[in-house]
Amino acid sequence: MTTKPTAIRGMNDILPGTSATWRYLETAVQDIVESYGYAEIRLPLLEHTELFKRSIGEVTDIVEKEMYTFPDRNGKSLTLRPEATAGMVRAGMTNGLFHNQKQKLWTSGPMFRYEKPQEGRYRQFYQFDVEAVGYDGPDVDAELIVMSARLWQRLGISKIRLEINSLGTPEARHRYREALVEYFSGVKNQLDEDSIRRLGQNPLRILDSKNPEMRTLVEAAPVMLDYLDEASAEHFSGLKALLDAAGVTYSVNPRLVRGLDYYSRTVFEWVTDALGSQGAVCSGGRYDGLVEKLGGRATPAIGWAMGIERFVALYEACGGESPASDVDVYIAALGAGTLEQAFRLAEELRDKIAGIKVEMNLGGGSFKAQMKRADKSGAQFALIVGEQELADGRISIKPMRSTEEQSSVALDELATTLAENLS
């Protein structure tokens, strides 16, 4: 007996009913970010492994545990992208997009991380990513946050709140790092294994611990905001003033750090409790040193990423519904010589009525069988193309979603009649 194929664990199929919601939400995001002047860039799924080691940081869970890395046939180490920012920066540098230029870019698509699959979190997952490169003031930070707030408003998503923080400059973080090392070294016997390892490598990552037993220790740790340099403090104050002016509500979370090493100054998360335990739906921040770290000129930059699976789940948790994807018109053909005419009619309607969804009955069948298919399609109207109808130069129109009677209309008036009656 032949074994049926199975999906790879953590690689999730997105079926037709769900994909309609995905497409609707992705279109909404695209519309909003492009209304702010951001342009699309499409990136490869594969990059040299070194790109992620240098950008994300070797002492991170992503690089240490989660990347899909393998040698190609020439022995070069390649990695399926675990996030989009590094690839976007690489693309900008490769193609000269950042040379004396400012760029506002967005991209979307699948990312890959080898972690335990769970509801809303997969090994192949999808992200929408927005980046602004070459801008150093708090105004672009505010724009990116306000843009995301507009998205929630447009879609009726209310079960979400904004948290912000500042990580300061690398020099300020160095002072803060020393304070954290001193603090956590004093309670080293209470740290978990991951935190002990991070203590000597990247103590800021201890603040990002997901271990609930570490919560009390983390809450008592020194606060980054107390170690900010003057310029970063001024930048953060400017951001808060702009968010206040735009009417965007936020809270300052001094424990908020980003899991990737390239962040600096502004960091933010849109978090929700609507999906069970608290989790981030959209996260972002500044990475002013990344371009230089990868061999380019010092270039300020900021961006955010949103997991589409969690975005869809939150939309539905807030009462959002999938947009109707039913067809408008179902065409049934009955009798000799009618199928060719029905095909011609379908194409004429597509030519004459912009955006109309027309489905042809395929595979023949009795009148009853074809009407059953028409009803299942969700069509508003069924068009019946029969021998007598064609001889009379008319088409029968059967309303499928109302109690109105079936009628007929002249062929040359059909497109106008349908356009007037389709809702």
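Quick notes on the rules
Counting starts from 1 at the beginning of each chain's written sequence and moves along it residue by residue. For this predicted model, a pLDDT threshold of at least 70 governs which residues receive local features, and a threshold of 80 or more governs which side-chain atom pairs are given and counted, while totals over whole chains, interfaces and linings are taken from all residues. Note that water and hydrogens are dropped before the side-chain values are worked out from all heavy atoms of the structure. Salt bridge, as applied in this entry: a Lys or Arg side-chain nitrogen positioned within 4 Å of an Asp or Glu carboxyl oxygen. Here a strand is any run of E in DSSP of at least two residues, a helix any run of H or I of at least four, and the numbering for each starts at the N terminus. Here the term buried applies to any residue with accessible area under 20% of the maximum for its type, exposed to any over 50%, and partly exposed to those in between, with areas from a 1.4 Å probe on protein chains only. Side-chain rings of Phe, Tyr and Trp, where Trp is taken by its six-membered ring, are said to pair if the distance between their centres is within 6.5 Å; with planes under 30 degrees apart they count as stacked, over 60 as edge-to-face, and otherwise as tilted. Placement of a positive charge over a ring is assigned whenever Lys NZ or Arg CZ falls within 6 Å of the ring centre and within 35 degrees of the normal to the ring plane. Cavities and pockets were defined on a 1 Å grid built over protein atoms only: a cavity is a set of grid points that admits a 1.4 Å probe from which the probe cannot escape, a pocket is an open set flanked by protein on both sides within 12 Å along at least five of seven lines, and lining residues are those with an atom within 4 Å of any such point. Grid points are joined across faces, edges and corners, and a volume is the space filled by probe spheres set on the points. Classification used: nonpolar for Ala, Val, Leu, Ile, Met, Phe, Trp, Tyr, Cys and Pro, charged for Asp, Glu, Lys and Arg, polar for all others including Gly. Under the rule applied, a polar contact is a pair of N or O atoms within 3.5 Å (in protein, one hydrogen donor and one hydrogen acceptor; residues adjacent in sequence only if both atoms are side-chain atoms). Patch criteria: residues need more than 30% relative accessible area and no salt bridge. Like-charged residues are merged within 9 Å; nonpolar side chains of Val, Leu, Ile, Met, Phe, Trp and Tyr are merged within 5 Å. Computed with a 1.4 Å probe, the accessible areas rest on the Shrake-Rupley method; for each residue, only the protein chains presented here act as cover. A strand pair is defined by DSSP finding two or more bridges across the two strands. Comment: axis = line fitted to C-alpha atoms, over the contacting stretch for helices; angle = value between 0 and 180 degrees taken between N-to-C directions. In what follows, a contact means two residues having at least one pair of non-hydrogen atoms within 4.5 Å. Reported orientations rely on four angle classes, namely roughly parallel under 35 degrees, roughly antiparallel over 145, roughly perpendicular from 65 to 115, and oblique for the rest. Should the near helix be turned anticlockwise from the far one by less than a right angle, the crossing is termed left-handed; should it be turned clockwise, right-handed.

Draft legend 1. Looking closely at the pattern of salt bridges. Inspection of the entire model under this criterion finds eleven salt bridges. Ionic pairing is found between Arg154 and Asp31, a salt bridge with its closest N-O pair at 3.5 Å. Of this pair, Arg154 sits in helix α5 (residues 138–155) while Asp31 sits in helix α1 (residues 16–35), placing them 123 residues apart in sequence. For Glu40, the salt bridge is made with Arg42, and the minimal N-O distance between the two is 2.9 Å. Exposure remark for Glu40: the relative accessible area of 36% places this residue in the partly exposed category. Counted as one network, the salt bridges with shared partners bring together Lys65, Asp194 and Arg197.

Draft legend 2. Broad picture of the packing of aromatic side chains. Overall, the coordinates contain nine aromatic pairs when judged by the stated rule. Judged by centre distance (6.0 Å) and plane angle (70 degrees), the ring pair of Trp152 and Phe311 falls under edge-to-face. Highlighted residues: Trp152 in helix α5 and Phe311 in helix α11 (residues 308–317), separated in sequence by 159 residues. For the pair shown, Trp152 and Phe311 are each scored as buried. By way of ring pairs, the aromatic residues Trp106, Phe128 and Trp304 are connected into one cluster. The ring of Tyr114 carries the charged tip of Arg123 above its face, separated from the ring centre by 3.9 Å.

Draft legend 3. Focus on empty space enclosed by the protein. Evaluation of the coordinates by the stated rule reveals one cavity of 30 Å³ or more. The space that makes up the largest cavity amounts to roughly 40 Å³. If you trace the largest cavity, you find it lined by Asn12, Ile14, Tyr122, Gln124, Tyr126 and Glu309. Of the residues assigned to the lining of the largest cavity, the class counts are three nonpolar, two polar and one charged.

Draft legend 4. Inspection of the side chain of Arg286 at higher detail. Considering the arrangement of structural elements, one finds Arg286 in strand β10 (residues 279–286). Separated by 2.9 Å, the side chains of Arg286 and Asp141 make a polar contact. Among the polar contacts made by the side chain of Arg286, one reaches the side chain of Asp288 at a distance of 2.8 Å.

Draft legend 5. Here's a closer look at a nonpolar patch on the surface. A surface patch of nonpolar side chains, amounting to about 220 Å² of accessible area, comprises Leu45, Leu46 and Phe70. On the secondary structure map, Leu45 appears in the loop between β1 (39–40) and β2 (46–48). You can call Leu45 partly exposed: its relative accessible area is 34%.

Draft legend 6. Spotlight on the sheet that holds β2. Strand order across the open sheet formed by three strands is β2-β4-β3, with antiparallel pairing between neighbours. In the strand order of this sheet, the two ends are held by β2 and β3 (68–71), each with one partner. Each strand of the sheet is rotated relative to its neighbour by a mean of 35 degrees, with strand direction disregarded. Sheet topology places β3 next to strand β4 (residues 77–80); four bridges connect them, and they run antiparallel. From the neighbouring strand, Tyr68 faces β4, where its bridge partner is Leu80. Strand contacts of helix α2 (residues 49–56): β2, β3 and β4, with the helix running at about 75 degrees to β2, the strand carrying the most contacts.

Draft legend 7. Highlighting the packing of α5 against helix α9 (residues 230–246). The N-to-C vectors of α5 and α9 enclose an angle of 40 degrees; their axes lie 9 Å apart at closest approach. Between α5 and α9, the angle is such that the two are oblique. Crossing hand, α5 versus α9: right-handed. Residue-level contacts link Pro138, Asp139, Asp141, Ala142, Ile145 and Val146 of α5 to His235, Gly238, Leu239, Leu242, Leu243 and Ala246 of α9. Of the residues belonging to the contact of α5 with α9, the class tally is eight nonpolar, two polar and two charged.

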